[in-house]
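Listed here are the chains, written in short residue letters.
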Amino acid sequence: MPDPAPLFDHQAITQRIERLANLIRENHPDGNLALVGIHSRGVPLAERLYALLKPHFPDLELGRVDISLYRDDLGNLATIPKLIGSDIPFDLDDKNVILCDEVTYTGRTTRAAIEELLDYGRPAKVEIAAFIDRDGREFPIHAAYIGEHLDILPHQRVQVRFTEVDGEDAVYIQDHDIRRPS
Amino acid sequence: MTPRKDLLDIQSLTDEEIEFVLSNAVPFKNLFKRSVKKVPTLRGRTVLTLFYEPSTRTLSSFEVAASRLSADVINFSVSTSSVVKGESVLDTISTLEAMRTDYVVVRHSTSGIPNLIAKNTTASVINAGDGFHAHPTQALLDAFTLREVFGDNLSNKRIAFVGDIQHSRVARSTNLLCRRLGMKTAMLAPSSLIPRNHPPEVDIFNDWTSLHAWNPDVIYLLRVQSERQNVPFFPSLGEYHKIYGLTDERLKPIRDRGLYVMHPGPVNRGVELTDNVMSYERSLINQQVENGIAVRMSVLHWLRPGSLE
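Residues numbered from 1 in each chain as written. Chains lettered and ligands numbered in written order. Predicted model: local features only at pLDDT ≥ 70, side-chain atom pairs only at ≥ 80, totals over all residues. Heavy atoms only, no water.

An unreviewed UniProt entry lists chain B under the name Aspartate carbamoyltransferase, with Phragmitibacter flavus given as the organism. The Subunit (unreviewed entry) field of the UniProt record for chain B holds the comment "Heterododecamer (2C3:3R2) of six catalytic PyrB chains organized as two trimers (C3), and six regulatory PyrI chains organized as three dimers (R2)." Taken from UniProt, the Sequence similarities (unreviewed entry) comment for chain B reads in full: "Belongs to the aspartate/ornithine carbamoyltransferase superfamily. ATCase family." (UniProt positions renumbered as here; feature names shortened; annotations may be inferred.)

Right under this line is the structure:
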């Protein structure tokens, strides 16, 4: 059960997504951008960034990836995932792609998403936008755009909830023993 | 969805499992539009095809499906193996077990052989056709094709199987699955080729006129399996074609009514259908072939090799 007191509410989440959009704009004045959300909560993050960035970048593209077929732990799973499927309805070649995910943690999900992207085409550059970045990398993955870094303990779990998927905008930590971000 | 070790028939599948395999096949089919049609899901796994009967499309369909999941595919060619020296099926399986095969796709002329193999190997066994018994992946790909055409709710649709139903494991499995999905089914064939133990709820016809009166949405043609007919079931192939084949004359009302035509292949041109039927605009025959790969990918993705059951 999620903690009833969220770490971030709707307003705090909106502010951080706006900041992510501003950082992306500053780093990519020439555009040629594509936002790709990692299913499932990376997708609403990508959609919100798309809404903020599209007025500035008319050629901005939007897609999503379902990394279920690229996971490296399928044989260990107790249940087999129902596939949503990926949808990248544009040519990835030579695009600056920003992969969007709600949390970057071990780096395994991001690795799978990059591997899948490369099966669609050859992007000029791939960067990562993470709403929450937390310690615990198992792969050398670096998020270029971070909404918030949380310094939390390994046994703690971050749950980012977006209205589009969960019916509310909120971030929860499974126990309260955390150093809250400044 | 909980993984399962083997796929041996349609009967043992739950409604939820059927829905899972069919719905997961959709994103697998979407992969075919990409330049790289391959995903790493089964990297490092081995799929062995063990066909004791000749096959072109089912064998190659499984090979393509396994390859697109990045599995290594080994074709165990029975005609050049120790089977011709008298090696038993279980001895063959024992050898394959030692090779640590993950999946075995088996076709055999004797009903029940895939079940026997499944009980004696930790590999996942997929029945690719056994005797007159079952051909579950064909049924699943047929259902997937029907849902592409008519949408997910098939409950008001009617499908008529025409041809050698007696010797057809396809008719058995596909008929069963169509009924599970709520379709009404019928059979048209010479009386000698209608199974005596056909399900009582299936409507039986002996001529095209009465079948048309039944108002089908789909005509599912079945191959006349001369190789399985050790006694004559009808006077001649020419006479069969004349009475039961889908001729140019019989195609006209099918075209006028907007009916779809399916066939599991291989086709005997000039027996169960004419060349014109092959180019008929509502023929789903090539769509069935393409969908076969997506559905078999979905099945391989779902099954899990494991311990003996």
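On to the domain arrangement of chain B, then. All names here are of chain B. The domains assigned to chain B are domain 1 (15-134 + 290-308) and domain 2 (136-286). The C-alpha-based centres of domain 1 and domain 2 are spaced at 26 Å. In this assembly, domain 1 packs against domain 2 so that about 2,100 Å² is buried in total across both faces, 56% of it on carbon and sulfur atoms. Counting the surface domain 1 buries against domain 2, the share from its top three residues, Leu 22, Arg 57 and Phe 132, is 31%. Linking domain 1 with domain 2 are four salt bridges. Two residues, Glu 148 and Lys 29, come together in a salt bridge whose shortest N-O distance is 2.8 Å. Linking domain 1 with domain 2 are ten residue pairs in polar contact (both at pLDDT 80 or more). Going through the elements one at a time, α1 (15-31), α2 (57-68), β3 (103-108), β4 (124-130) and α11 (285-302) are the ones with two or more residues in the side of domain 1 that touches domain 2. The greatest single-element share of the side of domain 1 that touches domain 2, amounting to nine residues, is contributed by α1. Residue classes in the side of domain 1 that touches domain 2 are distributed as eleven nonpolar, eight polar and nine charged. (Domains from an automatic or database assignment. Buried area = accessible area lost by both parts, 1.4 Å probe. Salt bridge = Lys/Arg side-chain N within 4 Å of Asp/Glu carboxyl O. Polar contact = N/O pair within 3.5 Å; in protein donor to acceptor, adjacent residues only side chain to side chain. Helix = DSSP H or I, 4+ residues; strand = E, 2+ residues; numbered from the N terminus. Nonpolar A, V, L, I, M, F, W, Y, C, P; charged D, E, K, R; others polar.)

Moving on: unusual backbone geometry. A cis amide bond links His 39 of chain A to the next residue, Ser 40 of chain A, at an omega of 10 degrees. Structurally, the position occupied by Ser 40 of chain A is in the loop between β1 (33-38) and α2 (42-53). Look at the link from Gly 265 of chain B to Pro 266 of chain B: it is a cis peptide, with omega at -10 degrees. Along the chain, Pro 266 of chain B turns up in the loop between β9 (260-262) and α10 (275-278). At Asp 94 of chain A, a position not held by glycine, the phi torsion is positive, near 65 degrees. As for its position among the elements, Asp 94 of chain A is in the loop between β2 (61-65) and β3 (96-104). Classification of Asp 94 of chain A by relative accessible area gives partly exposed; the value is 49%. Despite not being glycine, Arg 100 of chain B shows a phi value in the positive range, around 55 degrees. Mapped onto the elements of the fold, Arg 100 of chain B is located in the loop between α3 (89-98) and β3. (Buried < 20%, exposed > 50% of the residue type's maximum accessible area, 1.4 Å probe, protein only.)

Our next topic: the pattern of salt bridges. All told, the structure shown has 25 salt bridges over all chains when counted by the stated rule. Here Asp 166 of chain A ties to Arg 41 of chain A by a salt bridge, and the two come within 2.6 Å at their closest N and O atoms. With a gap of 125 residues between them, Asp 166 of chain A in helix α4 (residues 163-166) and Arg 41 of chain A in the loop between β1 and α2 connect regions that are remote in the sequence. Accessibility expressed as a relative area gives 22% for Arg 41 of chain A, which makes it partly exposed. For the salt bridge of Asp 256 of chain B with Lys 252 of chain B, the shortest nitrogen-to-oxygen distance reads 2.9 Å.

This part takes up the nonpolar core. In terms of nonpolar packing, the biggest core is built from 56 residues, with Val 36, Val 65 and Leu 117 of chain A together with Phe 28, Leu 140, Met 297 and Leu 300 of chain B touching the most fellow members. Excluding anything up to four places from it in sequence, Leu 300 of chain B contacts Leu 42, Val 47, Ala 65, Ala 66, Leu 69, Tyr 103 and Ile 126 of chain B. One finds Leu 146, Ile 165, Val 170 and Leu 188 of chain B within the second-largest nonpolar core, a separate group that totals 41 residues. (Core = buried A, V, L, I, M, F, W, Y, C linked by side-chain atoms within 4.5 Å. Contact = heavy atoms within 4.5 Å.)

We now examine the sheet that holds strand β2 (residues 72-77) of chain B. All names here are of chain B. In spatial order, the strands read β2-β1-β3-β4; together these four strands make up an open sheet with parallel pairing. The two strands at the open ends of the sheet, each matched to only one other strand, are β2 and β4. The average angle at which neighbouring strand axes cross in this sheet is 15 degrees, direction not considered. Direction of pairing for strand β1 (residues 46-51) relative to β2: parallel, over a ladder of six bridges. Its bridge partner lying in β2, Val 47 is registered against Val 73. (Pairing = 2+ DSSP bridges. Axes fitted to C-alpha atoms, helices over the stretch in contact; angles between N-to-C directions.)

Residue and element names in this part refer to chain B. As annotated by UniProt and renumbered to match this structure, "binding site: L-aspartate" (unreviewed entry) occupies Lys 85, Arg 169 and Arg 223. When you line up the elements, Arg 223 lands in the loop between β8 (218-221) and α8 (237-244). In this view, Arg 223 contacts Asp 164, His 263, Pro 266, Asn 268 and Glu 272; residues no more than four positions away in its chain are not counted.

This part takes up the pairing of β8 of chain B. Residues and elements named next belong to chain B. Burial of β8 is two-sided: the residues Val 218 and Tyr 220 facing one way and the residues Ile 219 and Leu 221 facing the other way are all buried. Of the pairings in the sheet, the one linking strand β5 (residues 158-162) to β8 comprises four bridges and is parallel in character. Counted as the bridge partner of Ile 159 is Val 218 from β8. Here three bridges tie β8 to β9, and the two strands are oriented parallel to one another.

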